[in-house]
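Structural overview for review
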Amino acid sequence: MDDLDNISIETLREILAQNFLHVFAISILYYDHLITTGNEINFLWKRPKGPSTFWFFLNRYFSFFGNLVVIIVSFMTIPEASCKAYNLFRQLLLVLNQVLVCILLTLRIYALYGRSLRILVCMVGSGAVLLIVACWSLFGQKHLASGPLPETGCHVGLTRETAIHIASAWEALMMYDTMIFSFTLYRTWTTRRDRGVTRIQDPLLSLVLRDGALYYAAMALANLSNILTFYLCGPFLRGALSTVASSISVTMMSRIMLNLHQNADVGIYSTAQTTSTMQ
């Protein structure tokens, strides 16, 4: 018998834990908005605005307003059919948030490699595969609503088959993050090797490596933890860390872009040539 067949106290505990994780994830997102508002005003609103500025705003505020809907509906009791539609909306929001972050990371690598078309084609091709896997994971799902339990909010449980189905999207995302970090590490190493003879310092390159390493370490831990929930947790906790992983991703991407804009107006499009003009 599938473990979704019985509604029990354990189910209620899973739902309460999921509510807590949603609040925790969105608290991370909104708290970071609060403490970085000053930097956002100084480094973006008060400076000339280019494509990087608008990418920053899209990444930052799409997640900001989208998650308002998530946190409100999570604590509302709505019909089962509407709850399933909301769950699909939430998954689409997570996918779109991660697509935006992946686009920004791709643009960062594109600029880091001197706007190489070959690198861009490689990244876009890999990203397209990731997007196809993510879209595929949204179809053919089997859910169980939280049932007759009163005032539980809108929650759906995932069968093991559906959980593994959805986990594939997060596994693909983790592979893409690994590829991004590998490109960053390789470019940093080759540039430092080539400039070692002349002893030219490149603070922007060091910043890119530091932020890239921090981003990868945080996201590897968050994504791995989330992936494990699909395989190891109960029906209503499978994927419960998805919002946490997404919030961390959006928050860290915003921090990366703020750090870049602090050093150069072109932000995410900064290259070694940009750095040389700053010195």
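The present account deals with the structure reproduced in this document. (Residues numbered from 1 in each chain as written. Predicted model: local features only at pLDDT ≥ 70, side-chain atom pairs only at ≥ 80, totals over all residues. Heavy atoms only, no water.)

1. Considering a nonpolar patch on the surface
Nonpolar side chains collect at one region of the surface, where I164, L224, L228, Y231 and L232 lie side by side and expose about 460 Å² of accessible area between them. With four residues, the single largest contributor to the nonpolar patch is helix 6 (residues 203–232). Position of L224 among the secondary structure elements: in helix 6. On the accessibility criterion, L224 (40% relative accessible area) is partly exposed. (Patch = residues over 30% accessible without salt bridge, like charges linked within 9 Å, V, L, I, M, F, W, Y side chains within 5 Å. Areas by Shrake-Rupley, 256 points an atom, 1.4 Å probe, with all protein chains shown as cover. Salt bridge = Lys/Arg side-chain N within 4 Å of Asp/Glu carboxyl O. Helix = DSSP H or I, 4+ residues; strand = E, 2+ residues; numbered from the N terminus. Buried < 20%, exposed > 50% of the residue type's maximum accessible area, 1.4 Å probe, protein only.)

2. A word on the packing of helix 3 (residues 80–112) against helix 4 (residues 117–137)
In contact at an axis separation of 10 Å, helix 3 and helix 4 are set at 170 degrees when each is read in the N-to-C sense. When the interaxial angle is binned, helix 3 and helix 4 end up roughly antiparallel. Together, V95, V99, C102, T106, I109 and Y110 of helix 3 and I119, L120, M123, L130, L131 and A134 of helix 4 make up the contact between the two elements. Broken down by class, the residue content of the contact of helix 3 with helix 4 amounts to 11 nonpolar, one polar and no charged. (Axes fitted to C-alpha atoms, helices over the stretch in contact; angles between N-to-C directions. Parallel < 35°, antiparallel > 145°, perpendicular 65-115°, else oblique. Contact = heavy atoms within 4.5 Å. Nonpolar A, V, L, I, M, F, W, Y, C, P; charged D, E, K, R; others polar.)

3. Description of unusual backbone geometry
The phi torsion of most residues other than glycine is negative, and most of the peptide bonds are trans. At R115, a residue that is not glycine, the phi angle is positive and equals roughly 55 degrees. As for its placement among the helices and strands, R115 is situated in the loop between helix 3 and helix 4. Residue classification places R115 among the partly exposed residues on the basis of a relative accessible area of 44%.

4. What to know about the packing of aromatic side chains
Across all of its chains, the model carries 10 aromatic pairs by this definition. Between the aromatic rings of F56 and F57, the centroid separation amounts to 5.8 Å while the plane-to-plane angle is 65 degrees, which identifies the pairing as edge-to-face. Comparing F56 with F57 shows no difference in burial state: the two are buried. Among the aromatic residues, those joined into a cluster by ring pairs are Y30, W45, F56, F57, Y61, F64 and F65. Sitting above the plane of the Y113 ring, R187 keeps its charged end 5.2 Å from the centroid. (Phe/Tyr/Trp six-rings, centres within 6.5 Å; stacked < 30°, edge-to-face > 60°. Lys NZ or Arg CZ within 6 Å of the ring centre and 35° of its normal.)

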